[in-house]
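What follows is the residue order along each chain.
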Amino acid sequence: MTKEYNVGLLGATGAVGQEMLKNLAERGFPVKSLRPLASARSAGQKIEFDGAEVKVEAVGPGAFDGLDLCLFSAGATASQEFAPMAARAGVTVVDNSSCWRQDPRVPLVIPEVNPGAVKKHRGIIANPNCSTIQMLVALKPIYDAVGIRRIVVATYQSVSGTGQKGIEELSTQTRQLLSLQEAAPKVYPHRIAFNCLPHIDVFMDNDYTKEEMKMVNETLKIFDDQNIKVSATCVRIPVFYCHSEAIWIETGRPISPEAARELLARAPGILVVDKPKENQYPLASVASGRDEVFVGRIRADLSHENGLTMWVVADNLRKGAATNAVEIAELLIRDPTLLKTDWPA
Ligand code: NAP
Ligand code: 3JN
């Protein structure tokens, strides 16, 4: 008989949490019991899991008792407080926030890229940022084949990356503008409807945003390579679901677009859509609701002899967040010795 697990989900009422619930059910994750957790605001609310109604509980001391593992998507502040609490209670945490991503005790894992890193966990495993996940899934086969020295990336990120409130902001403003009303910004510093904002998360001292620096620092940790140069520009666009990325790389040795296309077509988690003359290339409207990373427009970078450029699209709530977290949980249950924790007191 398949072993089943007591699974917690902190942030169950949020955009990522709802996607995690769908994902657990769709993938047939062996759930013995599911405990949805959120803030006191949502305690008592009923959510649906696998055709049944389950009551949301408020997170706090004792909330993790009896669980085997818990997926977290409640933001960095909640993760800071509750992930160590869960790990000390013997519960393995897969955390979607940025809180623990750079902590040397915490593996930062994309199953298609560095699945072995999961073995080093002590109770907390971090899920990378959505923009990093889709970029590195697409680049891993090329990195392994010929090396990568430099990555330049421009992202086109959907409003669902900001959670439910981002989705509501774009819907409201679009309705307002189309009925000739004022559309005052509430969530973003400027109007997002019919606009593009080169600003995701806060600005840092080096004039990059925190989202851009997440892409830089997470790439180095996941590839376990401090020599790769990365520069990112992250842009919020008025699209509901899926992030798109224009990526330019300088490889260690030359590789033709044809060879890269073949490598990518064979790689796990990737769907190559690359017949531009037939108008076939990755699109947010097609990748929405899917778990694959879509790659196309693969071509030589005319500005560099070892240069390659491509267009990469993935559903930020699925492969960028929920699916990657559930896949990490699947790695854990494949080797039950990995469900042990020894997070320091
Ligand atoms: P969201 O739609 O705003 O949902 C936030 C969820 O967190 C809700 O369930 C909320 O519960 C809960 N929550 C917030 N503060 C809490 C607290 N102090 N204690 C307990 N629960 C709390 O946001 P989202 O889009 O789902 O994103 C949630 C988090 O996931 C983000 O903050 C981020 O850290 C992470 N995330 C990661 C990626 C990625 O790139 N991998 C992408 C998106 C998001 P209530 O209903 O009670 O308010
Ligand atoms: O904006 C996006 O498209 C992705 C957002 C991710 C995000 C949103 C709020 C807080 C994160 C993240 O995963 O890095 C965080 C955070 O945990 O810092």
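Above this text is the structure in question.
Definitions and cut-offs
- Residues numbered from 1 in each chain as written.
- Chains lettered and ligands numbered in written order.
- Predicted model: local features only at pLDDT ≥ 70, side-chain atom pairs only at ≥ 80, totals over all residues.
- Heavy atoms only, no water.
- Pairing = 2+ DSSP bridges.
- Helix = DSSP H or I, 4+ residues; strand = E, 2+ residues; numbered from the N terminus.
- Contact = heavy atoms within 4.5 Å.
- Axes fitted to C-alpha atoms, helices over the stretch in contact; angles between N-to-C directions.
- Expected span 1.5 Å × (residues − 1).
- Buried < 20%, exposed > 50% of the residue type's maximum accessible area, 1.4 Å probe, protein only.
- Salt bridge = Lys/Arg side-chain N within 4 Å of Asp/Glu carboxyl O.
- Phe/Tyr/Trp six-rings, centres within 6.5 Å; stacked < 30°, edge-to-face > 60°.
- Near = heavy atom within 4 Å.
- Polar contact = N/O pair within 3.5 Å; in protein donor to acceptor, adjacent residues only side chain to side chain.
- Nonpolar A, V, L, I, M, F, W, Y, C, P; charged D, E, K, R; others polar.

Help me understand the sheet that holds strand β2 (residues 31–38) in this model?
Paired through backbone hydrogen bonds, the strands of a sheet run either parallel or antiparallel to each other. Reading across the sheet, the six strands line up as β5-β2-β1-β6-β7-β8 and stay open at both edges, with parallel pairing between neighbours. Looking along the sheet, the strands with just one partner apiece sit at the ends: β5 (57–58) and β8 (124–126). Sitting on the sheet, helix α8 (residues 318–334) touches β1 (5–10), β6 (69–72), β7 (92–95) and β8, and the angle it makes with β6 is about 165°.

Help me understand the environment of Val-16, please; the structure alone is not making it clear to me.
You can see Val-16 is positioned in helix α1 (residues 15–26). When the C-alpha positions of Val-16 and Gly-161 are compared, they lie 9.0 Å apart, and in sequence the two are 145 residues distant.

Would you take a moment to explain helix α4 (residues 164–178) for this structure?
Within an α-helix, residues lying three or four positions from one another point in the same direction, as the helix has 3.6 residues per turn. Look at α4: 21 Å from first C-alpha to last across 15 residues, which is about the 21 Å you get at 1.5 Å a residue. The complete set of buried residues in α4 reads Gly-166, Ile-167, Glu-169, Leu-170, Gln-173 and Gln-176. In the segment just after α4, Leu-180 is the residue with positive phi, at about 60°.

What's the story with the pattern of salt bridges in this structure? I'm lost.
Opposite charge on two side chains allows them to pair when their charged atoms are near. Within the structure shown, the criterion is met by 17 salt bridges. A salt bridge links Glu-218 to Arg-101; its shortest N-O distance comes to 3.1 Å. Of the two residues, Glu-218 is situated in helix α5 (residues 210–223) and Arg-101 in the loop between β7 and β8; the sequence distance between them amounts to 117 residues. Residue Glu-218 shares its accessibility class with Arg-101, and that shared class is buried. Connected through salt bridges with shared partners, the residues Glu-19, Lys-22, Glu-26, Asp-291 and Arg-318 form a single ionic network.

So what exactly am I meant to see when it comes to the packing of aromatic side chains here?
The geometry of two aromatic rings is summed up by the distance between their centres and the angle between their planes. Within the structure shown, the criterion is met by four aromatic pairs. Ring centres 4.2 Å apart and planes at 10° place the aromatic pair Tyr-143 and Phe-223 in the stacked group. Of the two residues, Tyr-143 is situated in helix α3 (residues 130–146) and Phe-223 in helix α5; the sequence distance between them amounts to 80 residues. The same class applies to Tyr-143 and to Phe-223, which are both buried. An angle of 70° between the planes, with centres 5.1 Å apart, marks the rings of Tyr-156 and Trp-311 as edge-to-face. Here Tyr-156 is found in strand β9 (residues 148–157), whereas its partner Trp-311 is found in strand β14 (residues 307–314), with 155 residues between them in sequence. Take Tyr-156: its relative accessible area is 32%, and that puts it in the partly exposed class.

Hey, could you run me through the site of ligand 2 in this one?
Every one of the 13 residues lining ligand 2 counts as a neighbour, but Ser-98, Arg-101, Gln-157, Lys-214 and Arg-236 are closest to it. Within the side chain of Asn-129, an N or O atom sits 3.3 Å from an oxygen atom of ligand 2. Measuring from an oxygen atom of ligand 2, one finds a backbone N or O atom of Gly-161 at 3.5 Å. Residues that form the shell around ligand 2 fall into these classes: two nonpolar, seven polar and four charged.

Where do I start with unusual backbone geometry in this structure?
Note: most residues except glycine have negative phi, and most peptide bonds are trans. The phi angle at Asp-201 is positive, at roughly 70°, despite the residue not being glycine. Following the sequence through the fold, Asp-201 ends up in the loop between α4 and α5. The class for Asp-201 is partly exposed, based on a relative accessible area of 33%. Not every positive phi belongs to a glycine, and Asn-279 is a case in point at roughly 60°. Positionally, Asn-279 belongs in the loop between β12 (270–272) and α7 (284–287). Taking relative accessible area as the criterion, Asn-279 reaches 54% and is therefore assigned exposed.

So what exactly am I meant to see when it comes to the site of ligand 1 here?
Neighbouring ligand 1 are 26 residues, the closest being Thr-13, Val-16, Ser-39, Ser-42 and Cys-130. Measuring from an oxygen atom of ligand 1, one finds a backbone N or O atom of Gln-164 at 3.3 Å. A per-class count over the shell around ligand 1 returns 10 nonpolar, 14 polar and two charged.

Please clarify how the pairing of strand β11 (residues 243–251) should be interpreted in this entry.
A regular strand places its side chains on the two faces of the sheet in alternate fashion. Counting buried positions over the nine residues of β11 gives eight, a clear majority of the element. Sheet topology note: the β9/β11 ladder contains eight bridges and is antiparallel. From the neighbouring strand, Thr-155 faces β11, where its bridge partner is Glu-245. By the bridge criterion, eight bridges tie β11 to β14 in an arrangement that is antiparallel. Bridge assignment links Ala-246 to a residue of β14, and that residue is Trp-311.

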